[in-house]
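# Working through the structure, step by step
Now for the letters of each chain:
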Amino acid sequence: MEWLSLFKHYSVLTIKERFQYKLNAILVSLAVFLREGATIAVIYFMLLRFGSINGWEMYELLFLYSYIFFTYGLFILFFTGLRDFEGLVRIGSFDRYLLRPRGLIFQIIVAKVDWFAAIGHGSLGLLLFLYSAFQVNVSWSAINITYCALAIIGGVLIQAAIFLLMASLSFTFISVSNLRQILYWNTRKFAGYPISIFHASIKILLIYIVPFAFVNYFPSQFLLHKTDMAEFPALYMYIAPAVGFALFGLAMLYWRYSLQFYKSTGN
Amino acid sequence: MKKEFNFSVYLMYTKTIFLSKLVYKFDYVLGLLNTCIQLFIACLIWQTLYGGNASVEGISLPMVITTIVIGQGLSNAYFINDQAVSKLIKDGSISFTLLKPVSFRLQLLAEALGEITFRILSNFLPAVIIFSLATDVLPPAGVLPFLLFLISISLGFGVLWMLSSIVQFLSFWVMNVWSLSTIKNVLITVLSGAVIPIWFLPEKIASFVSYTPFGAIYFIPTRLYLGDIPPAEAGIYFTQQLLWIIAMLGISHLLWSMGKQRIVVQGG
């Protein structure tokens, strides 16, 4: 249980660091919460006027969206270090990690546990999820609950795998922020809506290249059974939780392989 | 110290920033790609929402698409760094800036205009051309509406600039203005009509917006462009925009004069 006490220790450190400026810490959480809430407000207002989008009604869309926030909230709690990894390589402080007697991924995870941002994102995701989960037409049987929990873990791991891949690439390219902007942040903008409304090329992008569809669309379909699922293989709903585990495993292998190319940029 | 106003000095600031932006060609391509993707998603969503209906509550789909392309396209071009003043205060260089014989606030505006001119030419106009060819972006309702649009859009920028300067000058009191700036941007996103046209906001919220400066940034100009506001009534809306600029200039000036007194330079 030594890793747990280290995790706790680092968490306390980052929280203390943030609480140096109390007002600021609270304002940052509030700002993150509102920023993500703005997207929801826009969808809410749109559907208030238009009723539904491609057969998806208000609560179903909110349910779909809540996966994005909830998984991202969990993701930044554990993987902020991975998201900001490029900076570590650029200023050379990754060298310090290499010298310490603990696993690298473990250190990257615990050194930057971001509770405040996680609360901003996660609480919105959780509120939205709980709010919509009982409004949509889903019977919360033991199977559905288990599926849902696994799908959320899978969704976190898919995003972790994308960022781990970026981190691995930063050994060889150093600057990956542009790539990340296009691959992750832009793709995420599509993912809030049912992917069936998009052009075929975007569907391919969201299913096979940056598989956000497995974070929220297919898991939601497993529970909601909307008619627009007909155009995708039904298998995708069942394997959705496993995709994250598989991708993260692959990304780990690539990370191990890439580590040997690491050259310090520090001086 | 008396600061003389010399227009060419400020023009130099604008020009310098404009030229420095030309260097980063990859950023420019990426920026255009970003804008196009964003507008593309928005258009698709509105198309799906309309689902073949010619018009909803008297508003046609092309009107919505035009509103979105102008509003979101421009909001991408209007790059204003809300943290510029905050950074100068943190690293203490604000003291040098204040000693220069130019007005600091006009310098900020001149620099922002350099970047924005660059972005309008390299990002907004190409995106508008692409979307005019690919989707139903409407032409202006006429020559007069277009001229009124140009005046109104400049006033709209003034409103946006004043909102930003209020946030900027709050950094004399708040160490990190990122959160204030984000909250301001959230309000602009939801209430300015750039993402969801104000026609479609719930009535209570739409009437609330009419008491705020947010609708004056993109939405009033776009309505003039579309002819949704008859040219004869343009005067009322110009006055509204001007009053917002003057009111917020007052607040911003007050913050600036009070803030200057309490500068504590950290570090040496």
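Every residue gets a number counted from 1 within its own chain, in the order that chain's sequence is written. The naming scheme follows written order: chains are lettered A onward, ligands numbered 1 onward. Predicted model: local features are reported for residues with pLDDT of at least 70 only, side-chain atom pairs are reported and counted for 80 or more only, and whole-chain, interface and lining totals are derived from all residues. No hydrogens and no water enter the side-chain calculation; it runs on all heavy atoms of the structure.

### Examining helix α1 (residues 2-18) of chain A
Residues and elements named next belong to chain A. As a reminder of what qualifies: Helix and strand labels come from DSSP, where a helix needs a run of H or I of at least four residues and a strand needs a run of E of at least two; each type is numbered from the N terminus. Helix span, expected: 1.5 Å multiplied by one less than the number of residues in the helix. Burial classes follow relative accessibility: with a 1.4 Å probe on protein chains only, a residue under 20% of its type's maximum area counts as buried, one over 50% as exposed, and anything between as partly exposed. Think of the arc as the fan of directions from the helix axis to the C-beta atoms. Any two residues having at least one pair of non-hydrogen atoms within 4.5 Å are treated as being in contact.
Between its terminal C-alpha atoms α1 stretches 25 Å, which fits the 24 Å expected from 17 residues at 1.5 Å a residue. By the burial criterion, the buried members of α1 are Phe7, Ser11 and Thr14. Down the axis of α1, the buried set is contained in an arc of 70 degrees. They therefore lie on one face. Every exposed residue of α1 that faces more than 90 degrees away from the buried side is listed here: Lys8, His9, Lys16 and Glu17. Residues of α1 that are buried in the fold lie against α3 (58-83), α6 (104-111) and α7 (115-133).

### Description of the confidence of the model for chain B
For clarity, the threshold we go by: For every residue, the predictor assigns a confidence score, pLDDT, that lies between 0 and 100.
Mean pLDDT for chain B: 88, with 97% of residues reaching 70 or above. Least confident of the elements in chain B is helix α5 (residues 94-99) of chain B, whose mean pLDDT is 80; most confident is helix α10 (residues 219-226) of chain B, at 95.

### Section: the packing of α6(A) against helix α12 (residues 235-259) of chain A
Residues and elements named next belong to chain A. Put simply, the test is: Every angle, taken between N-to-C directions, lies between 0 and 180 degrees, and every axis is a line fitted to C-alpha atoms, over only the stretch in contact when it is a helix. Each angle gets one of four labels, with under 35 degrees taken as roughly parallel, over 145 as roughly antiparallel, 65 to 115 as roughly perpendicular, and the rest as oblique. Each residue gets one label: Ala, Val, Leu, Ile, Met, Phe, Trp, Tyr, Cys and Pro are nonpolar, Asp, Glu, Lys and Arg are charged, and the others, such as Gly, are polar.
Direction vectors running N to C along α6 and α12 enclose 105 degrees, while the axes themselves pass 12 Å from each other. When the interaxial angle is binned, α6 and α12 end up roughly perpendicular. Taking contact as the criterion, the partners of Leu104, Ile105 and Ile108 in α6 are, on α12, Met252, Trp255 and Leu259. The residue makeup of the contact of α6 with α12, split by class, is 6 nonpolar, no polar and no charged.

### Quick notes on empty space enclosed by the protein
Residues and elements named next belong to chain A. The condition that has to hold: Whether a set of points on the 1 Å grid over the protein atoms alone is a cavity depends on a 1.4 Å probe fitting there but being unable to get out, while an open set qualifies as a pocket with protein on both sides within 12 Å along at least five of seven lines; lining residues are those with an atom within 4 Å of a point. Grid points are joined across faces, edges and corners, and a volume is the space filled by probe spheres set on the points.
Applying the stated criterion to the full structure yields 1 cavity of 30 Å³ or more. Approximately 40 Å³ is the volume attributed to the largest cavity. Along the walls of the largest cavity sit 10 residues, with Leu82, Arg83, Met166, Ala167 and Arg180 positioned nearest its centre. Broken down by secondary-structure element, the contributors of at least two residues to the lining of the largest cavity are α3, α4 (85-90) and α8 (142-173). Tallying contributions element by element places α8 first for the lining of the largest cavity, with 4 residues. For the lining of the largest cavity, the class distribution of residues is 6 nonpolar, 1 polar and 3 charged.

### Considering the UniProt feature "transmembrane region" (unreviewed entry) in chain A
Residues and elements named next belong to chain A. Definition in use: UniProt positions are given in the numbering used here, feature names are shortened, and annotations may be inferred rather than shown by experiment.
Taken from the UniProt record, the annotation "transmembrane region" (unreviewed entry) applies to residues 21-47, 62-82, 103-131, 143-169, 190-215 and 235-255. Helix makes up 100% of residues 62-82 and strand 0%. Its end C-alpha atoms lie 28 Å apart. From the first C-alpha to the last, residues 143-169 spans 38 Å; its make-up is 100% helix and 0% strand.

### Examining the packing of helix α6 (residues 104-134) of chain B against helix α7 (residues 143-169) of chain B
What describes two packed helices is the angle between their axes and the distance between those same axes. Residue and element names in this part refer to chain B. The cut-off we apply is this: Less than a right angle of anticlockwise turn of the near helix away from the far helix marks a crossing as left-handed, whereas a clockwise turn marks it as right-handed.
In the contact formed by α6 and α7, the axes pass within 12 Å of each other and the chain directions differ by 125 degrees. Put simply, α6 runs oblique to α7. For the crossing formed where α6 meets α7, the hand is right-handed. Across the interface between the two elements, Arg105, Leu108, Leu109, Ala112, Leu113 and Ile116 from α6 touch Phe157, Trp161 and Phe169 from α7. A class-by-class count of the residues in the contact of α6 with α7 yields 8 nonpolar, no polar and 1 charged.

### Description of the pattern of salt bridges
Stated precisely, the cut-off is as follows: Put simply, a salt bridge is a Lys or Arg side-chain nitrogen that is within 4 Å of an Asp or Glu carboxyl oxygen.
Taken as a whole, this structure holds 7 salt bridges over all chains when the rule is applied. One salt bridge in this structure joins Glu57(B) and Arg49(A), with 2.7 Å as the shortest N-O distance. With Glu57(B) in the loop between β1 (55-56) and β2 (59-60) and Arg49(A) in helix α2 (residues 22-50), this residue pair bridges two chains. Overall, Glu57(B) belongs to the exposed group, its relative accessible area being 54%. Salt-bridge contacts for Asp228(B) lead to Arg223(B); the nearest nitrogen and oxygen are separated by 2.8 Å. Asp228(B) sits in the partly exposed class, given a relative accessible area of 27%.

### Some words on the state of the cysteines
All names here are of chain B. This is how the line gets drawn: Count a disulfide wherever a pair of cysteine sulfur atoms falls within 2.5 Å.
Taken as a whole and assessed by the stated rule, the structure comprises 0 disulfides over all chains. We note that Cys36 lacks a disulfide partner, and the nearest cysteine sulfur, in Cys43, lies 10 Å from it. A residue is classified by how much of its surface remains accessible, and Cys36, at 16% relative accessible area, is buried. By relative accessible area, Cys43 is classed as buried at 4%.

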